[in-house]
Amino acid sequence: MKPPIMPADASPAAAPETSTTADAPMTGPLAPLSATGSTNVRNLCLRVLTVLALVFALQWAQSFLIPLVFGIFIAYTLNPLVASLERIRIPRLVGTCIVMAALLLGLAQVAYSLRGEFQSIVERLPTAAHQLARSMASIQARTQGQASTIQKMQAAANEIQTAAGQAAGVKPDPKRQASPAPPSFQLGEWLWTSSMGAMLFLGQVVMVIFLVFFLLLSGDTFKRKLVKLTGPSLSNKKIAVNILFDINTSIQSYMFMLLVTNGLLAVLMWIAFRLIGLENAGAWAVAGGFLHVIPYFGPLLIAVATGLTAFMQFESFSMLLLVSATTLAIATLIGTFVTTWMIGRIAKMNAAAVFIGLLFWGWLWGVWGMLLGIPIIVIVKVIAKHVDRMHPVAELLGD
């Protein structure tokens, strides 16, 4: 049998195409994620887990990291003094010892000169507590004939509880009612906890002193090592040098700003307290200068403390308001005009982002976090400005 004859115009291309559904890509809601999409999700999850692990590590190691960061900042602040002594042919070891001795002796001299005022404040605490209790008792005596809302609600709750017990057939236990409640305050436990806290604080202070000494003694050794660790690339070394230089300049400028603003605030508070006639004006002025280091909350604490002191000294609410208002006015003047202007010149940061950062570090490390928050944010901004992948962070923190 002869094979069938194909027409002349027929060709293999004219044969019907067979479509295979197995080779066609699946579309619609049941389509699987592409490789790029799954990679992006995986990277996002890894970044979130990395951030959470970093936050947990910062909170877990705060007893080690807080003194370490303090020591680094203080060493950055004192390094220009040691470098200036080194330029006049004084060995770095001798210059470091001179700077550290001058710093410690200066702090000791200030504490010794104000020891009488601080001792007077401590000795007046029992009398001040007695005066405050007497004032509260006099206020309560004026409203003795009228029961407060809380007392009425408490009495109503007791009546409801008694009626419910009688309806359920439960008889009140007179022994349980007559038995005194266990004391909620244990003096021995409080003294032990306070002693352990004081010893831990002193240990951290000693650690910071030694850390500052060895960092000043090492000079630029760690900076050179960090630059060397960036690799053989010349561009990476240049970026690392620029980052370290900007961090050094920013921290030194910020610490100088704190010294100027807190010193000016302490002087103004001392003048105002002397004019008002507040006792121990020098001690309260020094305490105000130290507490002003804590942004936002430090001035509030010193205003409350000085206001209570004025009330216990003059036994007048008007003097309490006068001293507290004076403290807040001076702190607002320094913080609004001087500190804000100097921070804007130093770091050029966004105020809202800085405040959110302070809340984060305060939540993470408490008061110490609020104290160290701004320098840490400055360092993050400097690093983000020089790293391409962190430019959005720099834009967020910038003004």
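Residues numbered from 1 in each chain as written. Predicted model: local features only at pLDDT ≥ 70, side-chain atom pairs only at ≥ 80, totals over all residues. Heavy atoms only, no water.

J.: What is the right way to look at the pattern of salt bridges in this model?
T.: Pairing of side chains with opposite charge becomes possible as their charged atoms draw close. Under the counting rule described, the total for this entry stands at one salt bridge. The shortest N-O distance in the salt bridge between E86 and R92 comes to 2.8 Å. (Salt bridge = Lys/Arg side-chain N within 4 Å of Asp/Glu carboxyl O.)

J.: Teacher, can you tell me more about the UniProt feature "transmembrane region" (unreviewed entry) in the protein chain here?
T.: UniProt annotation of "transmembrane region" (unreviewed entry) refers to residues 48-78, 90-112, 190-217, 254-273, 293-312, 319-343 and 355-380 when read in the numbering used here. As annotated, residues 48-78 has a helix share of 97% and a strand share of 0%, and its two end C-alpha atoms lie 38 Å apart. (UniProt positions renumbered as here; feature names shortened; annotations may be inferred. Helix = DSSP H or I, 4+ residues; strand = E, 2+ residues; numbered from the N terminus.)

J.: What is the right way to read the packing of helix α11 (residues 281-291) against helix α12 (residues 297-314) from this model?
T.: When two helices pack together, their arrangement is given by the angle between their axes and by how far apart the axes lie. Here α11 crosses α12 at 160°, and the two axes come no closer than 8 Å. In this view, α11 runs roughly antiparallel relative to α12, as classed from their interaxial angle. Between α11 and α12 lies a crossing of right-handed hand. On α12, the residues touching W284, A287, G288 and L291 of α11 are G298, P299, L301, I302, A305, T306 and T309. In the contact of α11 with α12, the residues fall into seven nonpolar, four polar and no charged. (Axes fitted to C-alpha atoms, helices over the stretch in contact; angles between N-to-C directions. Parallel < 35°, antiparallel > 145°, perpendicular 65-115°, else oblique. Left-handed = near helix turned anticlockwise from the far one by under 90°. Contact = heavy atoms within 4.5 Å. Nonpolar A, V, L, I, M, F, W, Y, C, P; charged D, E, K, R; others polar.)

J.: Looking at this structure, how should I read unusual backbone geometry?
T.: With glycine set apart, most residues show a phi of negative sign, and most peptide bonds adopt trans. Its identity is not glycine, yet R89 carries a phi of approximately 70°, on the positive side. Its place among the elements puts R89 in the loop between α2 (62-87) and α3 (92-113). Although it is not a glycine, N280 sits at a positive phi angle of roughly 55°. The topology assignment puts N280 in the loop between α10 (234-276) and α11.

J.: What is the right way to look at α2 in this model?
T.: One turn of the α-helix equals 3.6 residues, which is why residues spaced by three or four share an orientation. Taking 1.5 Å of rise per residue, 26 residues should cover 38 Å, and α2 covers 37 Å from first to last C-alpha, within 8% of that figure. In the structure, α2 departs most strongly from a straight axis at L78, where the bend amounts to approximately 40° and where the proline P80 lies between one and four residues downstream. Two residues or fewer after α2 comes R89, characterised by a positive phi angle close to 70°. (Expected span 1.5 Å × (residues − 1). Bend = angle between axes of the 7 residues up to and from the residue.)

J.: Sorry, what's going on with the confidence of the model for the protein chain here?
T.: Keep in mind that low pLDDT regions are not for reading the predicted coordinates in detail. In the predicted model, the protein chain carries a mean pLDDT of 74, and 66% of its residues have values of at least 70. No element of the protein chain has a lower mean pLDDT than helix α7 (residues 174-178), at 48, and none a higher one than α2, at 87. Residue range residues 7-24 is modelled with pLDDT below 50. Its contacts to residues more than four positions away, or to other chains, number zero contacts. Low pLDDT, under 50, characterises residues 175-185; the predicted model gives this stretch two contacts beyond four residues in sequence or across chains. (pLDDT = per-residue confidence, 0-100.)

J.: I tried to follow a nonpolar patch on the surface on my own but got confused; where do I start?
T.: Among the surface-exposed residues, L93, V94, I98, V206, F210, F214 and L217 lie close enough to one another that they form a single nonpolar patch of about 620 Å² accessible area. Listed by contribution, the elements that provide at least two residues to the nonpolar patch are α3 and α8 (187-218). Residue contributions to the nonpolar patch peak at four residues, all from α8. Assignment of secondary structure puts F214 in helix α8. (Patch = residues over 30% accessible without salt bridge, like charges linked within 9 Å, V, L, I, M, F, W, Y side chains within 5 Å. Areas by Shrake-Rupley, 256 points an atom, 1.4 Å probe, with all protein chains shown as cover.)

J.: Can you walk me through the packing of α2 against helix α15 (residues 367-386) in this structure?
T.: Look at α2 against α15: their axes get within 11 Å of each other, and the N-to-C directions meet at 55°. One element, α2, and the other, α15, form an angle in the oblique class. Between α2 and α15 lies a crossing whose hand is left-handed. Across the interface between the two elements, I66, V69, F70 and F73 from α2 touch W368, L371, L372, P375, I376 and I379 from α15. Grouping the amino acids of the contact of α2 with α15 by side-chain chemistry returns 10 nonpolar, no polar and no charged.

J.: What exactly am I supposed to notice about the packing of aromatic side chains here?
T.: The relation between two aromatic rings is expressed through the spacing of the ring centres and the mutual angle of the planes. Tallied over the full model, the rule gives six aromatic pairs. Arranged with centres 4.7 Å apart and planes meeting at 40°, the rings of F311 and F317 form a pair that is tilted. For F311, a relative accessible area of 6% gives the class buried. Seen from their ring centres, F360 and W363 are 6.0 Å apart, and the 40° between their planes marks the pair as tilted. (Phe/Tyr/Trp six-rings, centres within 6.5 Å; stacked < 30°, edge-to-face > 60°. Buried < 20%, exposed > 50% of the residue type's maximum accessible area, 1.4 Å probe, protein only.)

J.: What is the right way to read α12 from this model?
T.: For α12, built from 18 residues, the straight-helix expectation of 26 Å at 1.5 Å per residue is met to within 8% by its first-to-last C-alpha distance of 26 Å. Every buried residue belonging to α12 is among G298, P299, I302, A303, T306, G307, T309, A310, F311 and M312, and all of these are buried. A positive backbone phi angle near 55° is found at E315, which sits one or two residues after α12.

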